[in-house]
Amino acid sequence: MERLLLSGNEAIALGACHAGLKLAAAYPGTPSTEILEAIAKFPGIYSEWSSNEAVAVEVALGASYTGVRAMACMKHVGLNVAADAFMAASTTGVRGGLLIVAADDPGIHSSQNEQDSRNYARLGKVPCLEPSDSQEAYDFARTAFQLSEEFDTPVLLRPTTRVCHSKSVVIPSPKLEPARTPEFRHEPGKLVMLPGAARERWHKVLERWEKLAAYTETSALNRVVEGSAELGIVASGIGYQYAREVFPNASFLKLGMTHPLPGRLLRDFAGRVKTLLVIEELEDFIEQSLRSQGIAALGKEIFPRTGEFSPDIIRDSAVKAGIISNAPAKSLPAAGLARRPPLLCPGCPHSGVFFTLSSLGHRSTLPGKKPRTPKMTICGDIGCYTLGAYQPLGVIDTCGCMGAGISQAAGMAKAGAAEKPLAVIGDSTFMHSGINSLLNAVYNQAKICVLILDNGTTAMTGHQGHPGSGVAATGQPAPRVIIEELVRGAGVRNASVVDAFDLKAVRAELRRAMASSELEVIIVRGDCPTLTRKRGRPRVISTEKCDDCGACLLIGCSAIKKSESGGIIVDPGVCVGEYCTLCQQICPKEAISESIGVAA
Ligand code: SF4
Ligand code: SF4
């Protein structure tokens, strides 16, 4: 029997592939990114990075309409972007099985908020499956397609960070090869949602709902693990694994399908145990359902409603509530791991423009000097460049959701802000949704300055392609949308391109654009060093010339640091040298130069 060690994301990809998947579309986002990366390696399946999550769902839905099996993947906040398409898919139903994966991020490891995607299943009246390990991730992905076709519905798969990224053993089942020729059949009553047809369809959605509610009562997705009648636990996702560890003798109702919930099964289980606990990460989703049926259970008054669970958190909460009396030894973090604040990488093309903004906007102060009152309003966006919010740069004043910075700056300008607002957005986010905001700014004549930081990739999630990158999901070359042409085509009259590593040019262009009374777009272009892997001759600081003024530290480059003796040095192991030279350009004493005798 084949046994594979897979992460949850790899298992979802393999499960979908073994279910006969024909098309997968995604927008990268932690913790979901690796699903499409894994699928892109399978032959015979079309895979793409879509420009955003709504597009991904629409592409997958279109494929489903032709009768083939399709899926769309995203992180939880991506489902907000895709909500309209998600509801449309729920209303029309499917032809080929349609799987939508929304990976939640409890604890906000790499997101702008913490939200529970199961609420979308409730809104859209679609089934929601929650795997608790890689085997279930594999099995549930397979089952989702069969459920989707049987009940004429998209299926939401909701893994969470720990399931996505942890590896465990998967025993795969034989691969299915559904024999299907993609074919579109005309059926306006199902697929054209004019009000009359939509009303009809919504009745069908409600009928579907009744059938799913009956199905979940006996589905193998939900199962009882018999144990002590003293304590019964209803659990889902990774919370189930932790709860098994903490309460080894309890009875469990393990829910793999958390929407719709099996009301009868829950009532039966509750009736057989003395104390009933609900252990689920994030919202009291299952607990609410129990409460609505009049079933007494303890849940969020004991276990946290926010953050990621761990066995220790569950154990400590249970001890505090008097459910268990002793707390065995806690798991300890691996010794010797230093905590590091997130930083822009050495040689990052964002460092120079942020340093310039920091200096023009009075955000940075040389050691020993008095801080100045900040100038400029800088609306940020989602990407590596959000790290510009940290010291010593401190140049991001707002950041909430994808593509919002340009619109927020426009709103400030229209509200009558005294100073011309500025928006900073990366190339991938610009393609995702920033372009809509720019069109709005052009149309409504917003006098703002937009900086598009173009490093040619979706760097934050691991260098995935986007329409401006020239690289497809498979790694093959793809047509490249040229950002300046797109911007000019959108009606922007003043659009310029500057080299991200030419500080003089960046400063001059910024000053000009901020002084102009027009909408200005500056594309600041420079390669991401962790993508190109180019390493030049590292810079070195002359101890004779350096007067320790600290100006070079204000770039925020992690290659520049204080030595043990107190002087400032460059770490030759990480400096990218002539592919950057930012520190060299700003040193007032010309103390920084190319190192001699160090191999490039
Ligand atoms: S290397 Fe230059 S910028 Fe850095 S502390 Fe020395 S004199 Fe100042
Ligand atoms: S050249 Fe200077 S700023 Fe650039 S990576 Fe090296 S040390 Fe950092």
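Residues numbered from 1 in each chain as written. Chains lettered and ligands numbered in written order. Predicted model: local features only at pLDDT ≥ 70, side-chain atom pairs only at ≥ 80, totals over all residues. Heavy atoms only, no water.

**Looking at the overall build of the protein chain**
Looking only at helices and strands, the protein chain features 21 helices and 22 strands. A globule of 600 residues ought to have a C-alpha radius of gyration of about 25 Å, and the protein chain, at 27 Å, matches this closely. Projected onto its principal axes, the C-alpha coordinates of the protein chain cover approximately 80 × 65 × 50 Å. Pairs at least 24 apart in sequence give 75% of the contacts found in the protein chain among residues at least 6 apart. When the accessible area of the protein chain is evaluated, it comes to approximately 25,700 Å², of which 54% is carbon and sulfur surface. Of note, the protein chain has its 62 positive side-chain charges centred 2 Å away from the centre of its 60 negative side-chain charges. (Helix = DSSP H or I, 4+ residues; strand = E, 2+ residues; numbered from the N terminus. Rg over C-alpha atoms; globule rule 2.2 N^0.38 Å. Contact = heavy atoms within 4.5 Å. Areas by Shrake-Rupley, 256 points an atom, 1.4 Å probe, with all protein chains shown as cover. Lys, Arg positive; Asp, Glu negative; His and termini not counted. Charge placed at Lys NZ, Arg CZ, Asp CG, Glu CD.)

**Side note on the nonpolar core**
Counting residues in each nonpolar core, the largest one holds 68 residues, and the members touching the most others are Phe354, Leu357, Leu422 and Leu451. Looking at which domains feed residues into this core, each of domain 3 (349–532) and domain 4 (539–594) gives three or more. Excluding its chain neighbours within four sequence positions, the residues that come into contact with Phe354 are Leu344, Tyr385, Gly388, Leu393, Val395, Ile396, Val424 and Leu453. One finds Ala11, Leu147, Leu157 and Met257 within the second-largest nonpolar core, a separate group that totals 38 residues. (Core = buried A, V, L, I, M, F, W, Y, C linked by side-chain atoms within 4.5 Å. Buried < 20%, exposed > 50% of the residue type's maximum accessible area, 1.4 Å probe, protein only. Domains from an automatic or database assignment.)

**Looking at the UniProt feature "binding site: [4Fe-4S] cluster 1" (unreviewed entry) in the protein chain**
Within this numbering scheme, the UniProt entry marks Cys546, Cys549, Cys552 and Cys587 as carrying the feature "binding site: [4Fe-4S] cluster 1" (unreviewed entry). Taken together, the annotated residues stretch across 42 residues yet fold into one region, lying no more than 10.5 Å apart by C-alpha. Along the polypeptide, Cys549 turns up in the loop between β19 (539–541) and β20 (560–562). Excluding its chain neighbours within four sequence positions, the residues that come into contact with Cys549 are Leu366, Pro367 and Pro588. Counting through the fold element by element, Cys587 comes out in the loop between α21 (582–586) and β22 (592–594). (UniProt positions renumbered as here; feature names shortened; annotations may be inferred.)

**Some points on the domain arrangement of the protein chain**
Per the domain assignment, the segments making up the protein chain are domain 1 (4–178 + 192–215), domain 2 (222–320), domain 3 (349–532) and domain 4 (539–594). Averaged C-alpha coordinates put domain 2 and domain 4 at centres separated by 55 Å.

**Details of the site of ligand 1**
Neighbouring residues of ligand 1: 13 residues in total, closest Cys546, Cys549, Gly550, Cys552 and Cys587. Its residues placed into classes, the shell around ligand 1 shows nine nonpolar, one polar and three charged. (Near = heavy atom within 4 Å. Nonpolar A, V, L, I, M, F, W, Y, C, P; charged D, E, K, R; others polar.)

**What about the pattern of salt bridges?**
Tallied over the entire structure, the rule returns 34 salt bridges. With a closest N to O distance of 2.8 Å, Asp454 and Arg525 form a salt bridge. Separated by 71 residues along the polypeptide, Asp454 in strand β16 (residues 449–454) and Arg525 in strand β18 (residues 520–525) bring together distant segments of the chain. For the salt bridge of Lys589 with Asp547, the shortest nitrogen-to-oxygen distance reads 3.8 Å. Of this pair, Lys589 sits in the loop between α21 and β22 while Asp547 sits in the loop between β19 and β20; the two residues are 42 residues apart in sequence, bridging distant segments of the chain. (Salt bridge = Lys/Arg side-chain N within 4 Å of Asp/Glu carboxyl O.)

**A few points about the site of ligand 2**
Close to ligand 2 lie 13 residues; Gly347, Cys557, Cys575, Cys580 and Cys583 are nearest. Looking at the shell around ligand 2 residue by residue, the class counts come to nine nonpolar, three polar and one charged.

**Regarding the packing of helix α15 (residues 349–360) against helix α19 (residues 503–515)**
At a minimum axis distance of 10 Å, the contact between α15 and α19 shows a crossing angle of 50°. When the axis of α15 is compared with that of α19, the two are oblique. By crossing handedness, the relation of α15 to α19 is classed as right-handed. In this structure, α15 uses Gly352, Val353, Phe355, Thr356, Leu357, Ser359 and Leu360 to contact α19, whose residues at the interface are Leu503, Val506, Arg507, Leu510 and Arg511. (Axes fitted to C-alpha atoms, helices over the stretch in contact; angles between N-to-C directions. Parallel < 35°, antiparallel > 145°, perpendicular 65-115°, else oblique. Left-handed = near helix turned anticlockwise from the far one by under 90°.)

**Digging into the packing of aromatic side chains**
Counted under the stated rule, the structure contains three aromatic pairs. The interplanar angle of 80° and the centroid separation of 6.2 Å between the aromatic rings of Phe86 and Tyr120 together place this pair among those described as edge-to-face. With Phe86 in helix α5 (residues 83–92) and Tyr120 in helix α6 (residues 118–124), this pair connects stretches of sequence that are 34 residues apart. Owing to a relative accessible area of 0%, Phe86 belongs among the buried residues under this scheme. Its relative accessible area of 16% is what places Tyr120 among the buried residues. A centroid spacing of 5.4 Å and a plane angle of 65° characterise the contact between Phe151 and Tyr215, whose relative ring orientation is edge-to-face. (Phe/Tyr/Trp six-rings, centres within 6.5 Å; stacked < 30°, edge-to-face > 60°.)

**Overview of the sheet that holds strand β5 (residues 98–103)**
Taken together, the seven strands give an open sheet; going across it, the order is β3-β2-β4-β5-β7-β6-β12, and neighbouring strands pair in mixed fashion. The open sheet terminates on both sides in strands that have one partner only, identified here as β3 (46–49) and β12 (257–259). In terms of strand pairing, strand β6 (residues 128–129) meets β12 through two bridges, oriented antiparallel. Bridging across to β12, Leu129 finds its partner in Met257. (Pairing = 2+ DSSP bridges.)

**Overview of unusual backbone geometry**
For the bond from His259 to Pro260, the omega torsion is -5°, close enough to zero to count as cis. By the element assignment, Pro260 lies in the loop between β12 and α12 (263–272). Of note, Leu282 is a non-glycine position whose phi angle comes to about 70°, a positive value. Turning to its location among the elements, Leu282 is positioned in the loop between β13 (275–279) and α13 (285–292).

**With respect to the environment of Leu265**
By the secondary structure assignment, Leu265 is in helix α12. Separated by 176 residues in the primary sequence, Leu265 and Ala89 have C-alpha atoms spaced 29 Å apart. The residues touching Leu265, leaving out its near neighbours within four places in the chain, are Glu217, Asn222, Val224 and Leu253.

**Focus on the environment of Asp84**
Relative to the helices and strands, Asp84 is located in helix α5. Taking the C-alpha atoms as reference points, Asp84 and Glu58, separated by 26 residues in sequence, lie 9.7 Å from one another.

**What to know about the side chain of Ser148**
Within the element layout of this structure, Ser148 appears in helix α7 (residues 134–151). When its relative accessible area of 0% is taken as the criterion, Ser148 is described as buried. Dropping the residues within four chain positions of it, Ser148 is found in contact with Val94, Gly96, Gly97, Leu98, Thr153, Pro154 and Val155.

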